[in-house]
Structures are given as C-alpha cells and as structure tokens.
Amino acid sequence: MATIRVQEAPFDQQAEHAALMAGRADVGGIAAFTGICRADDGLAALVLEHYPGMTERALAEIAAEAERRWSLTGCTVIHRFGRIGPGEPIVLVLTASAHRQAALESCAFLIDWLKTGAPFWKREEFPDGTGRWVDAKAEDDAAAERWRRA
Amino acid sequence: MRVMYFAWVRHKIGISQEEVSPPADVTDVASLMRWLAGRSPGHAEAFAQPAHVRAAVNHAFCQPDHPVGPDDEIAFFPPVTGG
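Here the structure is a predicted model, which means the values were calculated and not measured.

A.B. asks: Looking at this structure, how should I read helix H3 (residues 100–117) of chain A?
C.D. replies: Owing to its 3.6 residues per turn, the α-helix aligns residues three or four sequence positions apart on the same side. In this model H3 of chain A runs 25 Å from its N-terminal to its C-terminal C-alpha over 18 residues, within 8% of the 26 Å that 1.5 Å per residue would give. Elements in contact with the buried residues of H3 of chain A: strand E2 (29–36), helix H2 (54–69), strand E4 (74–80), strand E6 (89–97) and helix H4 (138–145) of chain A together with strand E4 (60–62) of chain B.

Structure representation (structure tokens):
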C-alpha cells in the first residue's frame, strides 16, 4: 500500500526513507526522485495549485498502477502545493523493492505519469510582482507515453 | 451541478467555483463549455479555445463527449503541470 501525501509543508526525505525500511528485512534497494524548484529567469517562487480530492485519488491510482507493474515492498509519493522558493523541494517519489530494477523503473514511471496525470498547476512569480502560468510540455507527454501499454 | 475552475481558467473567470443549472440540451462536457462561455466576458475568454481546456467529472479526467448531470462536479483547467 503506497503512502500518498499532498501537503503545503516541506517533507523529511530521510524520515520517509527510513519509514520504507522500518520493520522489514526484504528491502534490497530504494530509488528516489526529488523534484526541486529551479530559479529559471530570476524566478522568485513557484506557486502550485491543485484540486483537493481529485489530486489524492489520481496519485493513489498512479501508485497502484506502479504496484501492479513492479514487485515493490513500498512506495511513497509526496507532492507539495502553495508557494515554493528556488532550491526548495516540490515532490518526492520513493520506491522500495528487493531488487534495483523494479525500484529504478517504477520510480521513473511514477514521476513521468504524475507530471501528466495529477491535477497540479504551476505559476511562476517574479521579483517585480509579475507572474505567468507554466505551459504543459510536449516532452512530458512523450515521457509519459513511453510507459503506456497497448 | 457544481462547476470548478483551476489555474488560468479560474483567473480568467474570476471565481473558483459556482453552482449552475444549465438547460436540458446541455448533456455533455462540450455543450456545458459552450453554455458556460455565455455567462460572462471572463467565461467567454476562458472557453474561447476549448481545445486548450481539460475537464474532470467527479474527480476523473474525461473527454468532451463525457455526459454531465445535475449531481455531478465538473472541473475545467489547463493541461496539468505538476511534478
């Protein structure tokens, strides 16, 4: 059963890592992806909006799909919303498995599908007070598509 | 039915949600978008290019031909940009 959290507060990656190993001896590896706010074009902050209720459901469905495709001992997806400054983490994906291939592949799958399948929207804010909504990228669609099964 | 707006769709319309009672010929997401576009200049701007707007019915992504009814929660938003 995956751990899914949508929260405004920062997360503790070490604590989440430890939680995937607590009380078990069958974990052979944990893959991690941390998405971080870049300071593109002098960005002051990203403001992330989401759709409460639908977001949790979408993330749980994506995690369940990862658990169907790979043999995982655990899986954690934490996505923040609200105002996030350059250098701050936005999203954490951890996948634990007996063997590295399942952990590494499922981690890549989760972040690729999450980017196109969970209802989050980023707005860039600049020091002069202006802002702009981030456009969806075609390469993100292509990254998600490579995991699609016929 | 409850209609919710997110990101630049919400910005253009100026509100995040509203209760609406569309006429009987509004039966799917596409016809709801056309009807909503007539409610205000902001709505018209938000739905000016329907292909740029995505929708969810009752928390699930859906296509423009998905049916809608009085008890549904329908959300309109741009393509998602999380991660």
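This is not the end of the story, as more comes after the structure.
A.B. asks: In this structure, what is going on with the side chain of Ser-97 of chain A? I would like to understand it.
C.D. replies: All names here are of chain A. By the element assignment, Ser-97 lies in strand E6. Judged by relative accessible area, which is 2%, Ser-97 ranks as buried. In this structure the side chain of Ser-97 is engaged in a polar contact, spanning 2.8 Å, whose partner is the backbone oxygen of Ser-71. Setting aside residues up to four positions removed in sequence, Ser-97 forms contacts with Asp-26, Val-27, Gly-28, Gly-29, Ser-71, Leu-72, Thr-73, Ala-102 and Ala-103.

A.B. asks: Quick question: what am I supposed to make of the interface of chain B and chain A here?
C.D. replies: Interface size, as often reported, equals the accessible area lost upon joining of the parts. Contact residues are listed per partner, giving 21 residues for chain B and 25 residues for chain A. Carbon and sulfur atoms make up 62% of the area that chain B and chain A hide from each other, which totals about 1900 Å². It is His-59, Thr-81 and Gly-83 of chain B in chain B that bury the most area against chain A; as a group they hold 37% of the surface buried on that side. In this assembly, chain B and chain A are joined by one salt bridge. The partner of Glu-49 of chain A in a salt bridge is Arg-10 of chain B, with the nearest N and O atoms 2.5 Å apart. At the junction of chain B with chain A, the criterion picks out 13 residue pairs in polar contact (both at pLDDT 80 or more). If one sorts the elements of the side of chain B that touches chain A by residue count, helix H1 (residues 7–13) of chain B sits on top with four residues. Grouping the constituent residues of the side of chain B that touches chain A by class yields 13 nonpolar, six polar and two charged.

Rules used throughout
- Residues numbered from 1 in each chain as written.
- Chains lettered and ligands numbered in written order.
- Predicted model: local features only at pLDDT ≥ 70, side-chain atom pairs only at ≥ 80, totals over all residues.
- Heavy atoms only, no water.
- Helix = DSSP H or I, 4+ residues; strand = E, 2+ residues; numbered from the N terminus.
- Expected span 1.5 Å × (residues − 1).
- Contact = heavy atoms within 4.5 Å.
- Buried < 20%, exposed > 50% of the residue type's maximum accessible area, 1.4 Å probe, protein only.
- Polar contact = N/O pair within 3.5 Å; in protein donor to acceptor, adjacent residues only side chain to side chain.
- Buried area = accessible area lost by both parts, 1.4 Å probe.
- Salt bridge = Lys/Arg side-chain N within 4 Å of Asp/Glu carboxyl O.
- Nonpolar A, V, L, I, M, F, W, Y, C, P; charged D, E, K, R; others polar.

The values reported here are purely geometric and, on their own, carry no functional implication.
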